[in-house]
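Fold and contact review
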Amino acid sequence: FNSFGLMVAMGFVAAAWVLTLELKRKEKAGLLQPREEIIVVGKPASTAEIVFNALTGFVFGYKLIGFFFSRPENMNPQEYLFSAEGNFLGGLLGAAVLGGLKWYDKNKVKLAAPERRSVRIWPHDRVGDIIILGLIFGILGAKLFDNLENWDEFIQHPVESIFSASGLTFYGGLILATIAICWYAYKKGISLRHLVDAAAPALMIAYAIGRIGCQVSGDGDWGIFNSAYTSDAYGKLSVAQPGDFQKTLLANTTYFTEGKIIENGKEHFVTDRIYGSLENVPHKSFKGPSFLPDWFFGYCFPNNVNKDGVPIPGVQLEHNKVLPQPVFPTSLYETIICGLLFAFMWLIRRKISTPMLMFGIYLVLNGAERFFIETMRVNKGYTVFGMRATQAELIAITLVIIGLALMIYSKFKVKNTYR
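Everything quoted here is computed from the prediction, not taken from an experiment. Chains are numbered independently. Their residues run from 1 in the order of the written sequence. Residues qualify for local features only when their pLDDT is at least 70, as the model is predicted, and side-chain atom pairs are given and counted only at 80 or more; totals for whole chains, interfaces and linings, by contrast, use all residues. Side-chain measures here rest on the full set of heavy atoms in the structure, leaving out hydrogens and waters.

Turning next to the pattern of salt bridges. By convention in these notes, a salt bridge is any Lys or Arg side-chain nitrogen within 4 Å of a carboxyl oxygen on Asp or Glu. Here the structure, examined in full by the defined rule, presents twelve salt bridges. Measuring nitrogen to oxygen at the nearest pair gives 3.9 Å for the salt bridge that ties Lys108 to Asp105. The network of salt bridges with shared partners includes Arg211, Asp221, Glu334, Arg370, Glu374 and Arg377.

Here it is, written out as structure tokens:
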């Protein structure tokens, strides 16, 4: 069950709902105006429209019908989706259905002489287009920044890195999607300053929900090891006794130092977290208060989608790995923190009348939250002005600075306006 994909989809649905509510509120307040556009009604379906729908139907039929009738038994759904496997007859059926539906839909409203009509389109009517742009360019940006962050791996396996279902960097998606949506808004005459303010709480709730997918799927977006806890072979936690962390490291030396395990007499590469020596394994010891469950502070992500860890005894499923040492579940923390930040932004939104101020608040809160979380995670670092920082930390600091500047600028501009 692809829990990560489901939660990402739910994040986009929540963002669309929140954005629609905010745009309608701003339209009602007179801050956003509709745009008159000329459309042609009564035209039959063009060849280009039929071909486009047929191609779309072919892809869906090729993959969907192939999933049930042609997928190799040893291939999981994600691998199948990004492979060339499929059902050709299913593709032809899908092409015929969608191409025919397009022709029928246009033909039933066809007029003897097509007419040009003026329609009024409000900004909230374009939320569907905005979400689609965010999805497409968000994924492209996320893959681009992830490959830049892991350049050595990308150079060695460029095709696999580009088409892999894993490896997504949030800030890359945010930056590229923002550029695409702002361009679209400019072309459609939507006020950018009010659009970004409306999108701010939507972005926060989408991120909070998306991180649920990271947590339940175990996509590798977790923190450093918490040596205050230890676990058994199935990932069940207990409070560590003196020396337990060192025992775990010694028992899994190959895993921690070379990213490999010995399974059925064969070596398997299981992780990209290769520390070279046991002394380099990053960890902190923090025992949580007794009124909270242990897994809130240490989790081993059994059956994680990355297949990272050591084999779970007696489990023969594809995802049969569990981390040998508990880590901080940072994706869970981000869901909670960003959920609370969304609630805060939702409560104050009606009290903020200065354009761009809400978006500035979002940038500051988002950047500060991510910078805090990065202190508990291990990512590839860069040396900037003599300081070591990860890509996410550098972008987070930049967002905080831009957000503060935007808040100051917006308040200063309003102050000058009312002199």
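To continue, consider the environment of Gly66. Secondary structure elements are defined from DSSP: runs of H or I of at least 4 residues count as helices, runs of E of at least 2 residues count as strands, and each element is numbered from the N terminus. Looking at where Gly66 falls in the secondary structure, it is placed in helix α2 (residues 47-69). Whether a residue is buried, partly exposed or exposed follows from its accessible area with a 1.4 Å probe, protein chains only, as a fraction of its type maximum: under 20%, in between, or over 50%, in that order. Residue class for Gly66 comes out buried when judged on its relative accessible area of 0%. Taking the C-alpha atoms as reference, Gly66 lies 9.3 Å from Tyr80; in sequence the two are 14 residues apart.

For helix α10 (residues 244-251), the complete set of buried residues consists of Asp244, Phe245, Thr248 and Leu249. Looking straight down α10, one finds its buried side chains confined to an arc of 140°; they lie on one side. Among the exposed residues of α10, those oriented more than 90 degrees off its buried face are Lys247, Leu250 and Ala251. Contacts made by the buried residues of α10 are with β3 (225-226), β4 (229-231), α11 (253-258) and β8 (283-284). Directions pointing from the helix axis toward each C-beta atom define the arc. What makes two residues a contact is simply this: any of their non-hydrogen atoms within 4.5 Å.

Per residue, pLDDT captures the predictor's confidence, and it can take any value from 0 to 100. Summing up the model confidence of the protein chain, the mean pLDDT is 86 and the portion of residues at 70 or higher is 87%. Of all helices and strands in the protein chain, the one with the weakest mean pLDDT is helix α7 (residues 158-163) (52), whereas helix α12 (residues 330-348) scores best (97).

For His194, the position within the fold is in helix α9 (residues 192-217). Sequence-wise, His194 and Thr354 are 160 residues apart; in three dimensions their C-alpha atoms are separated by 9.6 Å. Aside from chain neighbours lying at most four places away, what touches His194 is Lys26, Leu31, Leu32 and Pro355.

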